[in-house]
Amino acid sequence: MKKLNYFLVLFSAFSPFLFSQHQNERTFNEIRKIYEKMATDDISAMPDVRMYIAKAKKEKNYIKLIQGYRDGRQFDYHHKIQYADSVLSISLSHGTNDDVSKDYLSKGIIYYFYQKKYKLALNEYLKAYQYSKNSKDHYLHYKVLYHLGIVKGHLGYYEEALEHFNNCLAFYDARRKGDNHVNEKYNYNKGYLNSLHQLTVVNRYLMNFAKSDSLSRLGLRLTEKEDDFELEHSYFLKCMGILKFHHKNYDEAKADLKKSLPMLLKRNDFAWSTVIYYYLGKIAQAERDSKTAMVYYHKIDSVFEKHGFILPEVYNSYKYLIEYYRHKDINQQLYFTNQLLKADSIISKDYAYLSSRLHKDYDRQTLIEQKEDIEKAGNQKMRYAKIIIFSGTVVLTFFAVRYQRDQKIKKQYDLLQKRIQEGTYKISDLETQEQDEQSLRKTSLTPEMTIEIREKLEKFEKELQFTKKGITQTSIALKLGTNAHYLSIYINENKGINFTKYMAELRINYITHLLNTNTKYLNYRIEALADECGIAARQNFSKLFFEINGIRPTDYIKKRKQNLGIS
């Protein structure tokens, strides 16, 4: 018995050494085989990953060390950026340009997918692009183009994003059908499905609902019962739910959206989760279930509060929250008003920064590279380079002007909405103030005549008589039982404007209130709106609408539809 105890003590003392020797003898492939097929973010892979990294460090095998840090980046959810920085430092000193490009790209994906920090993501994508310019790795090239397309889609450059994703889809589709290694086949299939999903989203933003619907159905069919693509399947379910909402098929839309949510939450994709919350809230609104709508809109605010991130698509949820609390809880109303202002500020800053960097460092750089390639081909092709540079300048100028114009329209629209809500959007009599006799205006109207014309004009306005076409100052005066001269004096002195301006403001104010309160008028043609308020010509209507409201009627209708979530 004593001998047995003695043996056990010796075995305990030397077993760590024996086992560690055995572990160190394992090859890199043997260690990696343990975890390489585990799911992304599976933390249980990390003990073996750390063993792999330690072995690479000990042997000063930098190629394996790069792989080890990449594996840490894949499986350690809470330390992804740290591992991304570690692998970048090794790639920059010991790796190829392709290695550096891949690792900048992966770091950008972490910022985009896990943190939704678009500015930081774009910076990494542009670095990846610079290192991939001369690469023979076509998969890497299209992966960079895909992620730059993501940023363009976020900015609202949908046509340009569409081109990125169509090119990526064609590339991945051709490669995924080839005879590839199992890992390559997975990567090509994943690239194909991600491009398909983004095409579905962009086509929906462009109102191509039939195209978006067919792409969503294709994606659902390809990912059905595919364990490797559960997340992608959830994305296509989400797309189907949103499309069904637009078709007012609320029960099925609700079912698809709820079914897609768990996997997105599991992968911490809080951005697309807020989109699902938004449409579930919209469905609840349509079903007149304000309590449920509030629950989902509060979830959007919780994500915004936690991550400081909000998508423009869910922005309108705050307007519903503000309106809901308007007469119920002034503190909540004030809170959500502040949240809306904060969201607007973040979206505006992101848009300006991303747009300028994308066009400066990617689009403009691409044009320069194309110019250099043409110069190398010969001077006879120089004129094509000039055309490209000129076109690029025009494009950049167009986007800058469009952004400034959009901001100006938004500002004018918000100002107009504020006046309507505050009740100051109307023609009122000038306030009378006590003045000394010398400063009193000279008038030929007696107090009795003034009161009589005021009362009759109020009736004229209340009965909407101004919407009749062809009425004149003389015809109105006759109808009011006075003369054109007295009517002109009254309007000038009490309204502070002349008769022509007075009629124009009555008509434009009237049609603006209709557009703001009755959604059917948002679908009217400009000619019909002009006719509705008594203005004879479309051109004259548009001119007056802009002069009085500071915004064109087409722009006002577009902004109003956006605010109401109307397609």
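Here the structure is shown first, and the text comes after it.
These notes cover the structure that comes with them. (Residues numbered from 1 in each chain as written. Predicted model: local features only at pLDDT ≥ 70, side-chain atom pairs only at ≥ 80, totals over all residues. Heavy atoms only, no water.)

Some details on the overall build of the chain
Move 1: Tallying secondary structure elements over the chain gives 25 helices and 0 strands in all.
Move 2: Within the chain, the proportion of its 567 residues that are buried is 44%.
Move 3: Long-range contacts, defined here as pairs at least 24 residues apart, represent 63% of the contacts in the chain between residues at least 6 apart.
Move 4: With the model as given, the accessible surface of the chain reaches about 31,500 Å², and the carbon-plus-sulfur share is 53%. (Helix = DSSP H or I, 4+ residues; strand = E, 2+ residues; numbered from the N terminus. Buried < 20%, exposed > 50% of the residue type's maximum accessible area, 1.4 Å probe, protein only. Contact = heavy atoms within 4.5 Å. Areas by Shrake-Rupley, 256 points an atom, 1.4 Å probe, with all protein chains shown as cover.)

Thoughts on helix H3 (residues 46–59)
Move 1: Its 14 residues give H3 an end-to-end C-alpha distance of 20 Å, which sits within 8% of 20 Å, the value for a rise of 1.5 Å per residue.
Move 2: Those residues of H3 that sit buried are Met46, Asp48, Val49, Met51, Tyr52, Ile53, Lys55 and Ala56. (Expected span 1.5 Å × (residues − 1).)

Comments concerning the packing of helix H20 (residues 473–480) against helix H21 (residues 484–495)
Move 1: Two numbers describe how H20 lies on H21: the axes approach to 8 Å, and their chain directions differ by 95°. By the angle class used here, H20 and H21 are roughly perpendicular. Across from Gln473, Thr474, Ile476, Ala477 and Leu480 in H20, the residues of H21 making contact are Ala484, Leu487 and Ser488.
Move 2: Class assignment of the residues belonging to the contact of H20 with H21 gives a composition of 5 nonpolar, 3 polar and no charged. (Axes fitted to C-alpha atoms, helices over the stretch in contact; angles between N-to-C directions. Parallel < 35°, antiparallel > 145°, perpendicular 65-115°, else oblique. Nonpolar A, V, L, I, M, F, W, Y, C, P; charged D, E, K, R; others polar.)

A look at the pattern of salt bridges
Move 1: If you walk through the whole model with that rule in mind, you get 30 salt bridges.
Move 2: Salt-bridge contacts for glutamate 36 lead to arginine 32; the nearest nitrogen and oxygen are separated by 3.4 Å.
Move 3: Across the pair arginine 217 and aspartate 213 runs a salt bridge, and its minimum N-O distance is 3.0 Å. Taken together, the residues span about one helical turn, with arginine 217 and aspartate 213 both in helix H11 (residues 209–223) at a distance of 4 residues.
Move 4: A cluster of three or more residues bridged by salt bridges with shared partners is formed by Arg70, Arg73, Asp99 and Asp103. (Salt bridge = Lys/Arg side-chain N within 4 Å of Asp/Glu carboxyl O.)

Observations regarding the side chain of lysine 561
Move 1: Mapped onto the elements, lysine 561 comes out in helix H25 (residues 553–564).
Move 2: One buried charged residue, lysine 561, remains without a salt bridge, the closest side chain of opposite sign being aspartate 555 at 12 Å.
Move 3: A polar side-chain atom of lysine 561 sits 3.4 Å from a polar atom in the side chain of asparagine 523. (Lys, Arg positive; Asp, Glu negative; His and termini not counted. Polar contact = N/O pair within 3.5 Å; in protein donor to acceptor, adjacent residues only side chain to side chain.)

What to know about a negative patch on the surface
Move 1: A surface patch of negative charge is lined by Glu226, Asp227, Asp228 and Glu230.
Move 2: Assignment of secondary structure puts glutamate 226 in the loop between H11 and helix H12 (230–246).
Move 3: Taking relative accessible area as the criterion, glutamate 226 reaches 36% and is therefore assigned partly exposed. (Patch = residues over 30% accessible without salt bridge, like charges linked within 9 Å, V, L, I, M, F, W, Y side chains within 5 Å. Charge placed at Lys NZ, Arg CZ, Asp CG, Glu CD.)

Things to note about the packing of helix H22 (residues 499–517) against H25
Move 1: Two numbers describe how H22 lies on H25: the axes approach to 10 Å, and their chain directions differ by 25°. Taken together, the axis directions place H22 and H25 in an arrangement best described as roughly parallel. Like other packed secondary-structure pairs, H22 and H25 cross with a definite hand, here right-handed. Side by side, H22 and H25 meet where Thr512, Leu515 and Asn516 of the first sit next to Tyr556, Ile557 and Arg560 of the second.
Move 2: Broken down by class, the residue content of the contact of H22 with H25 amounts to 3 nonpolar, 2 polar and 1 charged. (Left-handed = near helix turned anticlockwise from the far one by under 90°.)

Some words on helix H13 (residues 250–266)
In an α-helix, one turn spans 3.6 residues; hence positions three or four apart end up facing the same way.
Move 1: With 17 residues, H13 ought to run about 24 Å at 1.5 Å a step, and its terminal C-alpha atoms sit 25 Å apart, in line with that.
Move 2: Buried within H13 are the following residues: Ala253, Asp256, Leu257, Ser260, Leu261, Met263 and Leu264.
Move 3: Where the residues of H13 are buried, they touch H12 and helix H14 (270–286).
Move 4: In the segment just after H13, asparagine 268 is the residue with positive phi, at about 60°.

Here we look at the packing of aromatic side chains
Move 1: Under the counting rule described, the total for this entry stands at 32 aromatic pairs.
Move 2: Judged by centre distance (5.3 Å) and plane angle (50°), the rings of tyrosine 413 and tyrosine 556 are tilted. With tyrosine 413 in helix H18 (residues 382–422) and tyrosine 556 in helix H25, this pair connects stretches of sequence that are 143 residues apart.
Move 3: According to the relative accessible area criterion, tyrosine 556 is buried, its value standing at 0%.
Move 4: An angle of 80° between the planes, with centres 5.8 Å apart, marks the rings of phenylalanine 466 and tyrosine 510 as edge-to-face. Of this pair, phenylalanine 466 sits in the loop between helix H19 (447–462) and H20 while tyrosine 510 sits in helix H22, placing them 44 residues apart in sequence. Here the two residues phenylalanine 466 and tyrosine 510 agree in accessibility, since each one is buried.
Move 5: Counting every residue linked through ring pairs, the aromatic cluster contains Phe245, Tyr250, Tyr278, Tyr279, Tyr297, Phe304, Tyr318, Tyr320, Tyr324, Tyr325, Tyr335 and Phe336. (Phe/Tyr/Trp six-rings, centres within 6.5 Å; stacked < 30°, edge-to-face > 60°.)

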